[in-house]
Amino acid sequence: MIVLGIETSCDETAVALYDNSKNEILAHELYSQVNLHAQYGGVVPELASRDHIQKLLPLLDTCLQKAKIKKEDIDGIAYTAGPGLIGALMVGAALAKSLSFAWNKPSIGIHHLEGHLLAPLLEPQKPNFPFIALLVSGGHTLLIKVNNLGAYELLGDTLDDAAGEAFDKTAKCLGLPYPGGKALSELAQNGEARFKLPIPMGNSNNLDFSFSGLKTAARQLIEKESQNALLSHQQKCDLAASFEKAIITSLVHKALAATKKTGLKRLVISGGVSANRLLRNQLNEAQNKNLEVFFPRLEYCTDNAAMIALVGALYLQKGLTDQNLEIQTFARKSIC
Ligand code: KG4
Ligand code: ZN
């Protein structure tokens, strides 16, 4: 079965073609609107929707050409149904449903977080169910027990900011453009974590997260360090390294605690922050005969349509489509 995936939940327009008989992405295209929004310091929803309209069909054409297939070869269409910016989501959903009508092929709305959650299944070395997932994105920080496709138990959540949000806000304090998580991490590579910052929820026994205390402490530290003179490049690198160390220590600590608590020996990390180098290194180091760790490749960590096509194929294969509304609500009920 070949499934077309469409992702337009925020500021990335993405299209992918997935062949489930080979567990292979035949082609995937992504246009990032980051430059469009950077001048405003964040995503402007109206601009995002308008740009998705411009980019979607050309990206689909490119995808078909690269995959060397015709539209007649597509067996179903999966699109991100939510959560996300409503106007942006509507552009993707409207295209998916129009194509479904025109081509007489089923469509299916996919929960964006379920896409992130299962993205590591696109890898040749993929985790078997059940596993623990740490889903760390711009809007969410979740620990989930993934029992099977569609069978999810929420173990922990953030009480305030998401990890990606804390990265982006701290990056902004360091003068980095939005979204600053990746840029902050690049600065941190040349820095020394010499400033002491609180490890979020380091002593709590539950599996919840909280990043607003760390975010405020980092902002106050940056303000203090820049009180008398502009920050030097090295100071910025050291501040970034100190912040990164504190937040990653918290994520690693809770993820490992979740595996211990449940006795599960497979840990999956996904979502935009799973691209973080320190997080990947620390969890790879924690890997041993009692713990296997899985990540999506870097291009499938942040928003993409490959993960939407994959999850769409998994459900379409089971005969679930937009006509079967049960599917539309299950993920929202269990992980949101
Ligand atoms: O999953 P994603 O692409 O979008 C959402 O669904 O939110 O995640 C985006 C988030 C942003 O906050 C971004 O700064 C963060 O992921 N991010 C990173 C890195 N790459 C992306 N954070 C830390 N280190 C990175 N290398
Ligand atoms: Zn996302």
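Structure: above.
Predicted, not measured: the structure shown is a model, and the values here were computed from it.

J.: Explain the side chain of Ser9 residue by residue, including any values.
T.: Tracing the backbone shows Ser9 in the loop between strand 1 (2-7) and strand 2 (12-19). Residue Ser9 is classed as buried on the basis of its relative accessible area of 3%. Among the polar contacts listed, one links the side chain of Ser9 to the side chain of Glu7, at a separation of 2.5 Å. Residues contacting Ser9, with those up to four places away along its chain left out, are Thr80, Pro83, Gly84, Leu85, Ala88, Leu89, His112 and Asp303.

J.: Requested: an account of the environment of Arg266, with residues and values cited.
T.: Relative to the helices and strands, Arg266 resides in strand 9 (residues 266-270). Along the primary structure Arg266 and Ala133 are separated by 133 residues, whereas in three dimensions their C-alpha atoms are 8.5 Å apart. Contact partners of Arg266, with chain neighbours within four places excluded, come to Pro127, Asn128, Phe129, Pro130, Phe131, Ile132, Glu292 and Phe294. Within polar-contact distance, the side chain of Arg266 engages the backbone oxygen of Asn128 at 2.9 Å. Among the polar contacts made by the side chain of Arg266, one reaches the main-chain carbonyl oxygen of Pro130 at a distance of 3.3 Å.

J.: Hey, could you go over the side chain of Glu244 for me, with residue numbers and the actual values?
T.: By secondary structure assignment, the location of Glu244 is in helix 8 (residues 233-262). A polar contact is formed between the side chain of Glu244 and the side chain of Ser185, at a distance of 2.7 Å. Excluding residues that lie within four positions of it along the chain, Glu244 makes contacts with Phe167, Leu184, Ser185, Ala188, Asn276, Arg277 and Leu278.

J.: Before we move on, can you summarise the site of ligand 1 with the specific residues and values?
T.: In the region of ligand 1, 17 residues are neighbours, and His116, Gly138, Asp168, Gly272 and Asp303 sit closest. Between ligand 1 and the protein, one listed contact pairs an oxygen atom with a side-chain N or O atom of Asp168 at 2.6 Å. Within the contact set of ligand 1, a nitrogen atom lies 3.1 Å away from a side-chain nitrogen or oxygen of Asn276. Here ligand 1, which alone exposes 550 Å², has 86% of that area covered by the protein. At the level of secondary structure, the elements contributing two or more residues to the shell around ligand 1 comprise helix 4 (112-118), helix 5 (163-173) and helix 6 (181-188). Here the element with the most residues in the shell around ligand 1 is helix 5; it accounts for 3 residues. Taken together, the residues that form the shell around ligand 1 break down as 3 nonpolar, 11 polar and 3 charged.

Reading guide: rules and limits
- Residues numbered from 1 in each chain as written.
- Chains lettered and ligands numbered in written order.
- Predicted model: local features only at pLDDT ≥ 70, side-chain atom pairs only at ≥ 80, totals over all residues.
- Heavy atoms only, no water.
- Helix = DSSP H or I, 4+ residues; strand = E, 2+ residues; numbered from the N terminus.
- Buried < 20%, exposed > 50% of the residue type's maximum accessible area, 1.4 Å probe, protein only.
- Polar contact = N/O pair within 3.5 Å; in protein donor to acceptor, adjacent residues only side chain to side chain.
- Contact = heavy atoms within 4.5 Å.
- Near = heavy atom within 4 Å.
- Areas by Shrake-Rupley, 256 points an atom, 1.4 Å probe, with all protein chains shown as cover.
- Nonpolar A, V, L, I, M, F, W, Y, C, P; charged D, E, K, R; others polar.

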